[in-house]
Amino acid sequence: MAQSITTDRKSFLLQIIPVMLCFFAMGFVDLVGTASNYVQKDLGLTDSQANLFPSLVFFWFLIFSVPTGMLMNRIGRKKTVLLSLVITAVSLVFPVFGDSYTIMLISFSLLGIGNAVMQTSLNPLVANLISPDKLASTLTFGQFVKAIASFLAPILAAWGATTYFPTFGLGWRALFVIYAVICVLSVSALAATPIDEERPDKASGIGECLKLLGKPFILLCFIGIMCHVGIDVGTNTTAPKIIMERLGMPLEEAGFATSVYFIFRTAGCFLGAFILRSMSPKIFFGISVLMMLAAMCMLFVCGTLTSIYVALALIGFGNSNIFSVVFSQAILSTPDEKNEVSGLMIMGLFGGTVFPLAMGFAADAAGQVGAVAVMTVGVAYLMYYTLKIKTIK
């Protein structure tokens, strides 16, 4: 009996480690905030022009998420994740050839497509390996691994931009090469991992998937995901700009603000993986949203580096577990249609297009206070969503 338990545990680890490496690759999408700031500096773009890059990345979630849910029904979740990793690797190769507007548009488009496919297929793949009561905490741990890649991005970009170590003339774009190599390793690891998948009862069409938005709770979850990713991408992009506007610091120094956000988001994901095993998701979600609300109030008025960092830390910690709770609530509320619901929830990452565009225009009109006001609207909705969270038995 003991030997059987040991064998099962070893088998589980051999499956979950490659899956977690895929979560790390999923975090590559967050380099878009850092990269857009460097491209803005290199090409002399306005805020609204530069914010087109993160908006473009998340636009593809609107187009590809639901079709990916259908694709999973035909070829399986693991093969769909492998396809997403290949697309992501290709996207990371393009900036090696330069950072012109056209090249970066192509790169970010492919990065968005690959990430849309990956997020739609990887989360349900985890549901294949984990019991329902542990799903939220396991997805949160996956988000912790993803966040490591996210907070390393600005550090690696700054290293590439300032180091004397040879980067073959790439500068900050050395970041893309490093992540491309890791992406190839992720493909190899997952391809070599056997995973038994549950087969869907039927193949659904786009119409059947979209009809699920007619269920009030699924629609609430969909908008919740939009707000979560809008705040995430918005903070990632806007944090350095707030410091540059209010304190006059150069981008290379102000860019550390993004790392502060991701450091605390990473810590929040790590702690959340354990807290969600013992605390009600509703209570923990409510505390997280209150932290973000306090941070938004601070960003409206604070004018010192320390106070801005404190606000970013609160947003990072507060926003770290929002996705996991909302996604698991949606999946478990409709257990017979996991692939379809996953496609819809990931389509909600389209909020990463809506929020940065709105924030860019608001910032051009009123400074970075305008951008903060747009994010505050998202936090207010999450406060409302807290009241609707269901108890998972």
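Residues numbered from 1 in each chain as written. Predicted model: local features only at pLDDT ≥ 70, side-chain atom pairs only at ≥ 80, totals over all residues. Heavy atoms only, no water.

Novice: Mind showing me how you'd approach the overall build of the protein here?
Specialist: Counting secondary structure elements, the protein contains 18 helices and zero strands. The C-alpha atoms of the protein give 20 Å as radius of gyration, which agrees with the globular expectation for 393 residues (21 Å, within 12%). In terms of overall dimensions, the protein has C-alpha extents of about 60 × 50 × 45 Å along its principal axes. For the protein, with 393 residues in total, the buried portion stands at 59%. By sequence separation, contacts in the protein at least 24 residues apart represent 83% of the contacts at least 6 residues apart. Summed over all atoms, the accessible surface of the protein reaches about 15000 Å², with 71% contributed by carbon and sulfur. (Helix = DSSP H or I, 4+ residues; strand = E, 2+ residues; numbered from the N terminus. Rg over C-alpha atoms; globule rule 2.2 N^0.38 Å. Buried < 20%, exposed > 50% of the residue type's maximum accessible area, 1.4 Å probe, protein only. Contact = heavy atoms within 4.5 Å. Areas by Shrake-Rupley, 256 points an atom, 1.4 Å probe, with all protein chains shown as cover.)

Novice: In this structure, what is going on with the confidence of the model for the protein? I would like to understand it.
Specialist: In low-pLDDT segments, the atomic positions of the prediction should not be examined closely. The predicted model of the protein averages 82 in pLDDT, with 92% of residues at 70 or higher. Model confidence for the protein, summarised as mean pLDDT per element, is weakest for helix α1 (residues 2-26) at 71 and strongest for helix α14 (residues 305-319) at 93. Confidence drops under pLDDT 50 across residues 1-6; counting only partners more than four residues distant or on other chains, this segment forms zero contacts. (pLDDT = per-residue confidence, 0-100.)

Novice: What is the right way to look at the nonpolar core in this model?
Specialist: The nonpolar side chains of soluble globular proteins are, as a tendency, buried together. Grouped together as the largest cluster of nonpolar side chains are 122 residues, with contacts concentrated most on Leu31, Phe108 and Met345. Of all the elements, helix α10 (residues 216-247) adds the most residues to this core, at 14 residues. Beyond its immediate chain neighbours, meaning those up to four positions away, Phe108 contacts Leu31, Val32, Ala35, Phe53, Val57 and Phe176. (Core = buried A, V, L, I, M, F, W, Y, C linked by side-chain atoms within 4.5 Å.)

Novice: In this structure, what is going on with the side chain of Ser109? I would like to understand it.
Specialist: By secondary structure assignment, the location of Ser109 is in helix α6 (residues 101-127). Under the relative-accessibility criterion, Ser109 is labelled buried at 14%. Filtering out sequence-adjacent residues up to four positions away, Ser109 remains in contact with Leu56 and Trp60.

Novice: Where do I start with the packing of helix α4 (residues 52-75) against helix α16 (residues 338-347) in this structure?
Specialist: Two elements in contact, α4 and α16, have axes separated by 8 Å at closest approach and are oriented at 165°. Viewed along their axes, α4 and α16 adopt a mutual orientation that is roughly antiparallel. By crossing handedness, the relation of α4 to α16 is classed as right-handed. Side by side, α4 and α16 meet where Phe61, Leu62, Ser65, Val66, Gly69, Met72 and Asn73 of the first sit next to Asn339, Glu340, Gly343, Leu344, Ile346 and Met347 of the second. (Axes fitted to C-alpha atoms, helices over the stretch in contact; angles between N-to-C directions. Parallel < 35°, antiparallel > 145°, perpendicular 65-115°, else oblique. Left-handed = near helix turned anticlockwise from the far one by under 90°.)

Novice: Would you mind showing me how to read the pattern of salt bridges here?
Specialist: Proximity of charged atoms lets side chains of opposite charge pair with each other. Applying the stated criterion across every chain yields a total of one salt bridge. Across the salt bridge formed by Asp232 and Arg265, the nearest N and O atoms sit 2.4 Å from each other. With Asp232 in helix α10 and Arg265 in helix α12 (residues 256-275), this pair connects stretches of sequence that are 33 residues apart. For the pair shown, Asp232 and Arg265 are each scored as buried. (Salt bridge = Lys/Arg side-chain N within 4 Å of Asp/Glu carboxyl O.)

Novice: Would you explain the packing of aromatic side chains in this entry?
Specialist: To describe a pair of aromatic rings, you give the distance between the ring centres and the angle between the ring planes. Applying the stated rule across the entire model yields 14 aromatic pairs. Judged by centre distance (5.2 Å) and plane angle (70°), the rings of Phe59 and Trp60 are edge-to-face. Geometrically, the ring pair formed by Tyr381 and Tyr384 is tilted, given 6.1 Å between the ring centres and 55° between the ring planes. You can see Tyr381 and its partner Tyr384 sitting in helix α18 (residues 368-386), three residues apart, about one turn around the helix. Judged by relative accessible area, which is 40%, Tyr384 ranks as partly exposed. (Phe/Tyr/Trp six-rings, centres within 6.5 Å; stacked < 30°, edge-to-face > 60°.)

Novice: Quick question: what am I supposed to make of the packing of α4 against α6 here?
Specialist: When two helices pack together, their arrangement is given by the angle between the helix axes and by the axis-to-axis distance. One way to put it is that α4 packs onto α6 with a least axis distance of 7 Å and a crossing angle of 40°. Two packed elements cross with a definite hand, and for α4 against α6 that hand is right-handed. Looking at the contact of α4 with α6, its residues break down into 16 nonpolar, nine polar and no charged. (Nonpolar A, V, L, I, M, F, W, Y, C, P; charged D, E, K, R; others polar.)

Novice: Any chance you could explain the environment of Met383 here in plain terms?
Specialist: Along the polypeptide, Met383 turns up in helix α18. Once the C-alpha coordinates of Met383 and Thr138 are considered, the two residues, 245 residues apart in sequence, prove to be 24 Å apart. Setting aside residues up to four positions removed in sequence, Met383 forms contacts with Val289 and Leu290.

Novice: How should the side chain of Thr193 be read in this particular structure?
Specialist: Secondary-structure assignment places Thr193 in the loop between α8 (174-191) and α9 (206-211). For Thr193, a relative accessible area of 6% puts it in the buried group. When near neighbours in sequence (up to four residues on either side) are disregarded, Thr193 contacts Leu14, Gln15, Pro18 and Lys78.

Novice: Help me understand empty space enclosed by the protein, please; the structure alone is not making it clear to me.
Specialist: Regions of empty space are outlined by a rolling probe, equal in size to a water molecule, passed over the atoms. Taken as a whole and assessed by the stated rule, the structure comprises three cavities of 30 Å³ or more. Along the walls of the largest cavity sit 16 residues, with Gln143, Lys146, His228, Asp232 and Arg265 positioned nearest its centre. Of all the secondary-structure elements, those providing two or more residues to the lining of the largest cavity are α7 (135-162), α10 and α12. Each residue belonging to the lining of the largest cavity can be placed in one class, and the counts come to seven nonpolar, five polar and four charged. (1 Å grid on protein atoms, 1.4 Å probe; cavity = no way out; pocket = protein on both sides within 12 Å on 5 of 7 lines; lining within 4 Å. Points joined across faces, edges and corners; volume = space filled by probe spheres on them.)

Novice: How should the environment of Ala273 be read in this particular structure?
Specialist: Among the structural elements, Ala273 can be located in helix α12. Filtering out sequence-adjacent residues up to four positions away, Ala273 remains in contact with Ser137, Thr140 and Phe141.

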